[in-house]
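What the coordinates show
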Amino acid sequence: MLYKKYYVAQNIEDAVQILAGSKDSARLIAGGTDLLLQLNAQPGLVSTLVDISSVGALREISQQDGKIHIGAAATYAQIRQSELLARKAFLLVEASRQIGANQIQNMGTIGGNVANASPAGDMLPCLYALDAWVNLHGAEGSRSLPISDFIKGYRQIDRKPDEIIVSFSFNALESESGSAFVKFGARKAQAISIVNAAAVLTVQQGKVKVARLALGSVAPTVVRSRSAEALLQNQQPSAELFQQAGERARGDIQPIDDIRASAAFRRHIAGVITSRALSKALERI
Amino acid sequence: MDDTNYITMELTVNGRRVSKHCRSGRRLIDFLRDDLNLMGVKEGCGEGECGSCTVLLDGKAVLSCLTPMEKAIGHEVITIEGIGSANRLHPLQEAIIEEGGIQCGFCTPGMIMSGVELLARNPHPDRAEIIAAISGNLCRCTGYQKIVRSIEQAAQKMSSS
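Starting from 1, residues in each chain are numbered consecutively following that chain's sequence as written. Whichever chain is written first is A, and whichever ligand is written first is 1; the rest continue in order. Only residues with pLDDT of 70 or above have their local features reported here, since the model is predicted, and side-chain atom pairs are shown and tallied only from 80 upward, although totals for entire chains, interfaces and linings are computed over all residues. Side-chain metrics in this entry use all non-hydrogen atoms of the structure; hydrogen atoms and water are not considered.

Quick word on the confidence of the model for chain B
Per-residue confidence from the predictor is given as pLDDT, running between 0 and 100. Confidence along chain B averages 96 in pLDDT terms, with 98% of residues attaining 70 or more. Taken together, the chains of this predicted complex give a pTM of 0.96 and an interface ipTM of 0.96.

Some details on the environment of D51(A)
Helix and strand definitions here come from DSSP, where helices need a minimum of 4 consecutive H or I residues and strands a minimum of 2 consecutive E residues; each element is numbered from the N-terminal end. Its place among the elements puts D51(A) in strand 3 (residues 48–51). Taking the C-alpha atoms as reference, D51(A) lies 9.0 Å from Q10(A); in sequence the two are 41 residues apart. The contact criterion used throughout is that any non-hydrogen atoms of two residues lie within 4.5 Å. Sequence-distant contacts of D51(A), that is, excluding residues within four places in its chain, are made with Y6(A), Y7(A), V8(A), A9(A), I29(A), A30(A) and K71(B). Distance and chemistry together define a polar contact, namely a pair of N or O atoms within 3.5 Å, with one atom able to donate a hydrogen and the other to accept it when in protein, and with adjacent residues in sequence counting only for side-chain atoms on both sides. In this structure the side chain of D51(A) is engaged in a polar contact, spanning 2.6 Å, whose partner is the side chain of S53(A).

Examining the pairing of strand 5 (residues 67–71) of chain A
All names here are of chain A. As defined by bridge partners, strand 4 (residues 61–64) adjoins strand 5 across four bridges and the pair is classed as antiparallel. Residue pairing across strands places I61 opposite I70, the latter belonging to strand 5. Paired strands, in this sense, are two strands between which DSSP finds at least two bridges. Between strand 4 and strand 5, which pair antiparallel one after the other, the connecting turn spans two residues, and D65 there sits at a positive phi close to 50 degrees. One ladder, built from five bridges, connects strand 5 with strand 10 (residues 164–171); its direction is antiparallel. The residue bridging I70 from the neighbouring strand is F168, located in strand 10.

Re the sheet that holds strand 1 (residues 5–8) of chain A
All names here are of chain A. Strand order in the open sheet formed by three strands is 1-3-2, and the pairing between neighbours is parallel. The open sheet has two edge strands, strand 1 and strand 2 (26–29), and neither has a second partner. Strand after strand, the sheet turns through a mean of 25 degrees between neighbouring axes, direction not considered. Two elements, strand 1 and strand 3, share four bridges in a ladder whose sense is parallel. Think of each axis as a best-fit line through the C-alpha atoms, taken over the contacting stretch in the case of a helix, with angles from 0 to 180 degrees between the N-to-C directions.

Structural data, given as structure tokens:
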């Protein structure tokens, strides 16, 4: 037996109540693509699972005024197929196409990817580059915080045991902005990122007005490359400038050697995919 | 210590209503194979990498090795046993035979389920879309070319019938 009890929550309050009542013995499950791996390896790790994947309010992708809201239980397939996101945050569409393969995309959710807080999670650099906020709801009410505060460290998040990630919100990218996500993995499908990069670029009157650049799998958490962003500010975009930004990004990260790649290789690739992400983002403006 | 819990699994499997009192806390693949004897659902890696255990849950291809059985309660599951019969094969099953898109056969049920899902949401897929749709299904025999051709041929059969 992998777990003892399985609750299918009907709404957010329902799920919060079960969590509050069972304290640390309950775990939330959405797609289960990460959690089932853990349970298969360690049956009984968790006694109670609270399934939030059928709560409609947690699956909505919408725009209100200038803000996009993505429900935490929206699947990668939903994101991949969202026309709204294709226009207003294309990097999320691009990343969702490259996570696992079709089956994982049908099952896995953006909230699960964030809650798992792997340094290699493909949604994370996108949300950092979008300056996204995480909206939580728990027994004591609702709160919101920036993604970079929510992710506290390697597989660590700022979530109380009775809290649920409800949604992510960020400013829609408008006509002078472009975005891109570039993944470097061992193969095109079913690969965990060796390094990934997300870029958001706004260009006005031929000059970079906003540049947000985030890299994953290069440190315990996603890294915003502040020195590359500073370099790009108010400059005229060019291949040469983007290459220099890649150089800067190499200096902002702390990659490690592991089974997937060496630190030196990761550092090299980080620079390459940084400039590629910037070029793609520019093309899409 | 016997702390086994039991539940009643009520769902639709291959078009038939199922109500089965059984042990809870297992994977969907275990329920389908052990309780319903649907042996066409294959377990390859058990880690969500190989796609052999692919079934359709409410029409979407999912990995039954990473799905808790309770997720299927009240929903519709289709396995390889539910898409055609020996006398009346699904066009993709026919195409797999005609194109030789099968050797040892272990990946075939999962491969077909991914193909069936693709053809339902996109009746005229191009080669790149076919390759993307089966990229979560590993085959160690055929080298994929014949499987891709089988799906192309099935798309033609289905649009002309």
